[in-house]
Amino acid sequence: MSENPETAARLGKMFDCHGAETRIYDRWEARGAFKAGRVDGKAYTIVLPPPNVTGSLHIGHALNHTLQDILIRFERMRGRDVLWQPGMDHAGIATQMVVERQLDAEGISRHELGREKFIERVWQWKEKSGGIIFNQMRRLGQSCDWSRARFTMDDGFVRAVQQKFVELHRAGLIYKAKRLVNWDPKLLTAISDLEVEQREVNGHYWHFKYPVDGEEGRYLTVATTRPETMLGDVAVAVHPDDKRYQDLIGKTLTLPIVGRKLIVVADSHADPEKGSGAVKITPAHDFDDNMVGKRHNLELINILTDDARLNDTVPKQYRGMDRFEARTAIVAEMTTLGLLDKVEETVHMVPFGDRSGVVIEPYLTDQWYVDVEVMAKNALAAVEDGRTGFIPENWQKTYYEWMRNIEPWCVSRQLWWGHQIPAWYGPDGKIFVANTEEEAQAQADAHYGDVRIISRDPDVLDTWFSSALWPFATLGWPDDTPELKKYYPTNVLVTGFDIIFFWVARMMMDGLHFRDEVPFDTVYVHALVRDEHGAKMSKSKGNVIDPLELADKYGADALRFTLAAMEAQGRDIKMSEKRVEGYRNFSTKLWNAARFCDMNGCFDDIDADFDPATVSLAVNQWIIGEMVKATAEVTRALEAFRYNEATAAIYHFTWGTFCDWYVELIKPLFYGEDDRAKRESRATAAWVMDQILKVLHPFMPFITEEIWGCLRDDRKTDLIIADWPRYDASLVKQQPAAEIAWVIRLISDIRTARAEMNVPAAAKLEMRVVGANAVTRGFLGNQADVIKRLARLETITVDDGAPPKGALQVVVGEATCFLPLADVIDIAAEQARLNKTLDKLAREISGLSGRLNNQAFMAKAPEKVVADNRRNLEQAEQKAAKIKQGLDRLEAMEH
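Treat the numbers as computed from the prediction; the structure is a model and nothing was measured.

Regarding the overall build of the chain
In terms of helices and strands, the chain carries 28 helices and 29 strands. Principal-axis analysis of the C-alpha atoms places the extent of the chain at approximately 110 × 65 × 55 Å. For the chain, with 895 residues in total, the buried portion stands at 54%. Sequence-distant contacts in the chain: of pairs separated by 6 or more residues, those separated by 24 or more amount to 77%. Here the chain carries 112 positive and 133 negative side-chain charges, and the mean point of each set is 3 Å from the other.

Quick word on the confidence of the model for the chain
Taken as a whole, the chain shows an average pLDDT of 93; of its residues, 98% reach a score of 70 or greater. Across residues 2-7, where pLDDT falls below 50, the model places 13 contacts with residues more than four positions away in sequence or in other chains.

Things to note about a positive patch on the surface
Residues Lys-836, Lys-840, Arg-843 and Lys-879 make up a contiguous surface patch of positive charge. Sort the elements by how many residues they give to the positive patch and helix H26 (residues 827-852) lands first, with three residues. Tracing the backbone through its elements, the reader meets Lys-879 in helix H28 (residues 863-894).

As for the sheet that holds strand S16 (residues 409-410)
Ordered in space as S6-S5-S14-S16, the four strands form an open sheet in which the pairing is antiparallel. The sheet is open, and its two borders are formed by strand S6 (189-191) and S16, each paired with just one other strand.

A short note on the packing of aromatic side chains
A full pass over the atoms with the stated rule returns 40 aromatic pairs. Residues Trp-742 and Phe-779 carry aromatic rings whose centres are separated by 5.9 Å and whose planes lie at 50 degrees to one another, so their mutual orientation is tilted. Taken as a pair, Trp-742 in helix H24 (residues 734-756) and Phe-779 in helix H25 (residues 774-791) lie far apart in primary sequence, 37 residues in all. Summarising the burial analysis for this pair, Trp-742 and Phe-779 share the class buried.

With respect to helix H10 (residues 372-384)
For an α-helix, 3.6 residues make a turn, and residues three or four places apart therefore share a direction. Over its 13 residues, H10 runs 18 Å from end to end, which matches the ideal 18 Å to within 8%, given 1.5 Å per residue. Where H10 is concerned, the buried positions are Val-372, Met-375, Ala-376, Ala-379, Leu-380, Ala-382 and Val-383. Here the buried residues of H10 occupy an arc of 155 degrees about the axis, which is enough to place them on one side. At its buried positions, H10 is contacted by helix H7 (155-170), strand S14 (361-370), strand S15 (389-391), helix H11 (395-404), S16 and helix H16 (500-515).

Some thoughts on the side chain of Thr-776
The topology assignment puts Thr-776 in helix H25. Reaching out from Thr-776, the side chain makes a polar contact with the side chain of Glu-814 at a distance of 2.7 Å. Apart from the residues lying within four places of it in its own chain, the contact partners of Thr-776 are Trp-742, Glu-814 and Ala-815.

What about the state of the cysteines?
By the definition in use, this model includes zero disulfides. Take Cys-602: it sits in no disulfide, and the sulfur closest to it among the cysteines is that of Cys-597, at 4.4 Å. Taking the relative accessible area as the measure of exposure, Cys-602 reaches 3% and is therefore buried. The structure places no disulfide on Cys-659, whose sulfur is separated from the nearest cysteine sulfur, that of Cys-597, by 8.4 Å.

Some points on the side chain of Asp-598
Take Asp-598: it is sitting in helix H19 (residues 577-599). For Asp-598, a relative accessible area of 0% translates into the label buried. A polar contact of 3.4 Å, which involves the side chain of Asp-598, links it to the backbone nitrogen of Leu-11.

Thoughts on the sheet that holds strand S11 (residues 261-266)
On the basis of which strands lie adjacent, the open sheet formed by four strands has the order S10-S11-S9-S12 and mixed pairing. The outermost strands of the open sheet, each flanked by one partner alone, are strand S10 (252-254) and strand S12 (278-281). Along the sheet, successive strands turn relative to each other by an average axial angle of 30 degrees, direction set aside. Bridging between S10 and S11 involves three bridges; their strand directions are antiparallel.

Quick notes on the nonpolar core
In globular proteins that are soluble, nonpolar side chains generally tend to be buried together. Counting residues in hydrophobic clusters, the biggest one holds 168 residues, and the most contacted among them are Met-575, Trp-622, Phe-658 and Met-689. At 13 residues, the largest contribution of residues to this core is made by helix H21 (residues 643-670).

Focus on the packing of helix H2 (residues 59-77) against helix H20 (residues 618-639)
Viewed as axis vectors pointing N to C, H2 and H20 meet at an angle of 125 degrees, and their least axial separation amounts to 11 Å. As summarised for this structure, H2 and H20 are arranged oblique, according to the angle between their axes. Once H2 is placed against H20, the crossing between them reads as left-handed. Seen from H2, the contacting residues are Ile-70, Leu-71 and Phe-74; seen from H20, they are Thr-635, Leu-638 and Glu-639. Classifying every residue of the contact of H2 with H20 by side-chain character gives four nonpolar, one polar and one charged.

Describing the environment of Glu-863
Following the sequence through the fold, Glu-863 ends up in helix H28. Since its relative accessible area comes to 51%, Glu-863 is described here as exposed. Distance in space between the C-alpha atoms of Glu-863 and Ala-535 is 9.2 Å, their sequence separation being 328 residues.

Some details on the packing of H19 against helix H23 (residues 701-711)
Geometrically, a packed helix pair is captured by the angle between its two axes and the distance between the axes. Taken N-terminus to C-terminus, the directions of H19 and H23 make an angle of 10 degrees; their axes are 11 Å apart at the nearest point. In terms of orientation, H19 lies roughly parallel with respect to H23. On H23, the residues touching Ser-587, Leu-590, Trp-591, Ala-594 and Asp-598 of H19 are Ile-703, Thr-704, Glu-706, Ile-707 and Leu-711. In the contact of H19 with H23, the residues fall into six nonpolar, two polar and two charged.

Section: the pattern of salt bridges
Within this structure, the stated rule accounts for 56 salt bridges. What you see here is one network of salt bridges that share partners, running through Glu-75, Arg-78, Arg-80 and Glu-639.

Brief notes about the environment of Glu-228
Within the fold, Glu-228 resides in the loop between strand S8 (219-224) and strand S9 (235-238). The class for Glu-228 is buried, based on a relative accessible area of 2%. The contact partners of Glu-228, leaving out residues within four places of it in the chain, are Ile-303, Arg-323, Ala-326, Arg-327 and Ile-330.

Topic: unusual backbone geometry
Across the junction of Trp-477 and Pro-478, the peptide omega takes the value 15 degrees, indicating a cis bond. By the secondary structure assignment, Pro-478 is in the loop between helix H14 (470-473) and helix H15 (482-487). Look at the link from Tyr-488 to Pro-489: it is a cis peptide, with omega at 0 degrees. Along the chain, Pro-489 falls in the loop between H15 and strand S22 (490-495). Of note in this structure, Ala-308 is not a glycine but carries a positive phi near 65 degrees. For Ala-308, the location among the structural elements is in the loop between helix H8 (287-296) and helix H9 (323-336).

Side note on the pairing of strand S27 (residues 793-798)
Here strand S26 (residues 765-770) pairs with S27 via five bridges, running parallel. Following the sheet pairing, Met-767 is matched in S27 by Ile-796. Between the parallel pair S26 and S27, the chain is carried across by H25, and the sense of this crossover is right-handed.

Scoring rules and cut-offs
Residues numbered from 1 in each chain as written. Predicted model: local features only at pLDDT ≥ 70, side-chain atom pairs only at ≥ 80, totals over all residues. Heavy atoms only, no water. Helix = DSSP H or I, 4+ residues; strand = E, 2+ residues; numbered from the N terminus. Buried < 20%, exposed > 50% of the residue type's maximum accessible area, 1.4 Å probe, protein only. Contact = heavy atoms within 4.5 Å. Lys, Arg positive; Asp, Glu negative; His and termini not counted. Charge placed at Lys NZ, Arg CZ, Asp CG, Glu CD. pLDDT = per-residue confidence, 0-100. Patch = residues over 30% accessible without salt bridge, like charges linked within 9 Å, V, L, I, M, F, W, Y side chains within 5 Å. Areas by Shrake-Rupley, 256 points an atom, 1.4 Å probe, with all protein chains shown as cover. Salt bridge = Lys/Arg side-chain N within 4 Å of Asp/Glu carboxyl O. Pairing = 2+ DSSP bridges. Phe/Tyr/Trp six-rings, centres within 6.5 Å; stacked < 30°, edge-to-face > 60°. Expected span 1.5 Å × (residues − 1). Arc of directions from axis to C-beta. Polar contact = N/O pair within 3.5 Å; in protein donor to acceptor, adjacent residues only side chain to side chain. Disulfide = S-S within 2.5 Å. Axes fitted to C-alpha atoms, helices over the stretch in contact; angles between N-to-C directions. Core = buried A, V, L, I, M, F, W, Y, C linked by side-chain atoms within 4.5 Å. Parallel < 35°, antiparallel > 145°, perpendicular 65-115°, else oblique. Left-handed = near helix turned anticlockwise from the far one by under 90°. Nonpolar A, V, L, I, M, F, W, Y, C, P; charged D, E, K, R; others polar. Right-handed = clockwise from strand over helix to strand, strands pointing away.

What follows is the structure in structure tokens.
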């Protein structure tokens, strides 16, 4: 892309992303570009899923935040009063562990420090080290309204959480009960399913024989991977249709070691095809067994302490033993008793705490629960009747499945950092729930008739309990604020699939319960970012991609565009650094195109009243129409959350249509003698460049803002708040579009044919056109100079005579273009060259196909090797197809 050296450039030779990004971002922020309420337009609101205060930016964050920022920038330019509400989650367990590790290094425990002092230390850590992710988000250009940033432990949020608890308790939707929970015996707290990590572990099935009462020598064999839990067995289940055990249903067995009587129950939980078909039932230590226990009204016997040692309900010799130590001892005793039938090796899934790294126990404790079954009905109906929709739609099925099978939600956690439960206990255990201790004391005084000492529940609430309020508590609820009236309900939630139940569903329930409105009308569920081979990223695999490293290397714009371009609904992203590098090249192409326009005077003496409808040259009418169509496609795609289609539309227009074709087509006009054509083309190029910058801005905000500001000194606004393009459909003109499309196809086909025939680039050919109709003859007459220049032609002749022999043929529409090559290339030598290359490719294709069809190779080869072979095969087949096309052309020339 050549430049006119006589004109001084406003743009440097390269875009310095490292120097520009911080400068541009700081200017946006200083000028209040991100703030809600900047314009008096219709509200458009997105709440940022609050990252943990302990968190740092990973590639999943980069995708999630970029998709939101694209929508925010798009709607901001469309004149909406945009609020992108940021904030952070206090992350109970994660934050407490960070501070406890600091205390450990100092030789202090939190218990020695005390609750109040410990919480002070957490706040100190938060102010010093928390929230790093906000600065990392700025690095990628995310345009949140930082002036409204919230924290789930700030004073207003604490008040909102307490109000929620009190209201739900008053409505009978929060209660305390002894139920089975995921218990972390290291952290000594209940944890959510999301905090449980299922790991594949090599273990054993121990098959124990339980004696049948009254039938000496008869046993019922059960298998277990957790022998220690047998001490809490209360029954054995068999399938009601299992004929082997029909006579035992309702009878009893004797539990070895303990001597407890176990009843045999008929329950479909037992699988006749698995093991002996009989299953030991321990309702206090297994979730499935607990359900069986409820169906048969079985006793719950807890055999563990909170740190996973055996308690006083077990025989004396096992009391105080660690659970795994007890496992070994029980197997040894069962062996001695002759009641170990056999041992099988197995690989099975074992639950681990994702923070503590220890095996999680199903454990019976007193906890606070929310009766979400009642609240779920409205949240379910809101999606069923279309008030809230999921994109892609298939995630609605996941939502329905969870909501229709919802269980009471355990919301209490045995931690210190978090929202302490607003419940107080009287001396007899009577519970008083209130917003403040003074209110609780007043309730207690009224209840007892005199003043009694009350003590607050030490537990805190599950983090999801507070974050479920995020869409409206961030706007001031429980107060009825102006922000709440304007920005709630929000418009779209952009999130990952893994928290549809934990967060999305709970926000739906809270929004409908407390505000009587859905919190958002659309839930966009984005892809999972994998490595370039499709594998899930993990530190152990060494395939984790750091988005900040990519931004440092290629610029934030390239990373953002890559993420958007690869975000196709329903398909995971195979993230590749090569793709980021490729889109960095795209930004360079954009910069060079802007520089070309600048160096050729397109932004000199700008006509502020330029009207694209007034241009007269076909090439300018064509590019304006193509810009209109590309903008319409980007707009349509963004409105439908089709990010990959939006990026494809503006990418192909910018690189292909504008840079590769329009710039080349207008160069003769720029350097020609027709001043009117030159002025029109310069003005058109400047107008189109401005439109490109606007449409690209949501995806590549930094480079577009830099070009926008540099090219003209009379800009009224920064690009971030410029108007999104809106055009009259009449700007798309059919005749110029057809003419330039024909010219481009002709030039492209001639270039392809020349390359296939190995015609020297410097060789100028004669072209004879046969069979052209009047319209095509008109195209040739209008565009002859451009065609000759770009297709490397000496002459163009139009006639209807006999086709010449020994000429290369290019067919475009009804016309056939003949390019005589006899004096340019040795046809026989060219045929020999192509056949030799084709033979080599045939051998390569045969070898690659053989490997990919070899079952032994496919079974042993690493995934990357298989992928490389498939890619190489596809490339070889494409090359072979092109060579065959070239041979066909040569054969046609001979005839």
